[in-house]
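Summary of structural features
Given next are the chains, with one letter for each unit.
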Amino acid sequence: MNGPILSEVPYPGVLVAKARSHTSKDLELVLYPSADDGVFKLGISRLEPGGQYECQGKTVTADEEGNLSFSATVSGRTRLHIRYV
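Residues numbered from 1 in each chain as written. Predicted model: local features only at pLDDT ≥ 70, side-chain atom pairs only at ≥ 80, totals over all residues. Heavy atoms only, no water.

**Points about the sheet that holds strand β7 (residues 68-74)**
Read across the open sheet, the three strands follow the order β1-β4-β7; overall the sheet is antiparallel. Unpaired on one side and paired on the other, β1 (5-8) and β7 mark the two borders of the sheet. This sheet shows a mean twist of 45° between the axes of neighbouring strands, independent of strand direction. Across three bridges, β1 lies against strand β4 (residues 38-45) in antiparallel orientation. Directly across from glutamate 8, in β4, lies its bridge partner glycine 43. (Pairing = 2+ DSSP bridges. Helix = DSSP H or I, 4+ residues; strand = E, 2+ residues; numbered from the N terminus. Axes fitted to C-alpha atoms, helices over the stretch in contact; angles between N-to-C directions.)

Written as structure tokens, this is what we have:
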């Protein structure tokens, strides 16, 4: 496995400045709103199926196919770090 990828992002609502895995078990994102700040649905793929991940101070679980969907507030330069726990 090559590590997680950002697989779902609402364009043009969110612009992706960075999407990089450092350890193949994490994903660092830097996002900007293209116009107004807001809450946007994001999707991450190629995670450990059923694995527990920390994002925005919450623990979330990838589905049986290694996918994860969540909503995030994007306001100005927004950094998110999703990591395996």
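So, next bit.
**Details of the sheet that holds strand β6 (residues 58-61)**
The sheet built from five strands is open, its strands ordered β2-β3-β8-β5-β6 with antiparallel pairing. Both outer strands of the open sheet, β2 (14-20) and β6, are each paired with one neighbouring strand and no more. Strand after strand, the sheet turns through a mean of 25° between neighbouring axes, direction not considered. In this sheet, strand β3 (residues 26-33) lies alongside β2 in antiparallel orientation, the contact comprising six bridges. Each bridged residue has a counterpart across the sheet, and for valine 14 the counterpart in β3 is proline 33.

**Here we look at the environment of asparagine 67**
Residue position: asparagine 67 is located in the loop between β6 and β7. Taking the C-alpha atoms as reference, asparagine 67 lies 9.7 Å from isoleucine 5; in sequence the two are 62 residues apart. Residue contacts for asparagine 67: discarding those within four places in its chain leaves Ile44, Ser45, Arg46, Leu47 and Ala62. At 3.0 Å, the side chain of asparagine 67 forms a polar contact with the side chain of serine 45. (Contact = heavy atoms within 4.5 Å. Polar contact = N/O pair within 3.5 Å; in protein donor to acceptor, adjacent residues only side chain to side chain.)

**Digging into unusual backbone geometry**
That bond from tyrosine 11 to proline 12 is cis: its omega, 15°, falls within 30 degrees of zero. You can see proline 12 is positioned in the loop between β1 and β2. The phi dihedral of serine 24 is positive, around 70°, even though this residue is not glycine. For serine 24, a relative accessible area of 35% translates into the label partly exposed. Residues other than glycine seldom take positive phi values, yet glutamine 56 does so here, at roughly 55°. Mapped onto the elements of the fold, glutamine 56 is located in the loop between β5 (52-55) and β6. On the basis of relative accessible area, glutamine 56 is assigned to the partly exposed category, the value being 43%. (Buried < 20%, exposed > 50% of the residue type's maximum accessible area, 1.4 Å probe, protein only.)

**Focus on the packing of aromatic side chains**
All told, the structure shown has one aromatic pair when counted by the stated rule. Judged by centre distance (5.3 Å) and plane angle (65°), the ring pair of tyrosine 53 and tyrosine 84 falls under edge-to-face. One end of the pair, tyrosine 53, is in strand β5; the other, tyrosine 84, is in strand β8 (residues 78-84), and 31 residues separate them in sequence. By relative accessible area, which is 2% here, tyrosine 53 ends up buried. (Phe/Tyr/Trp six-rings, centres within 6.5 Å; stacked < 30°, edge-to-face > 60°.)

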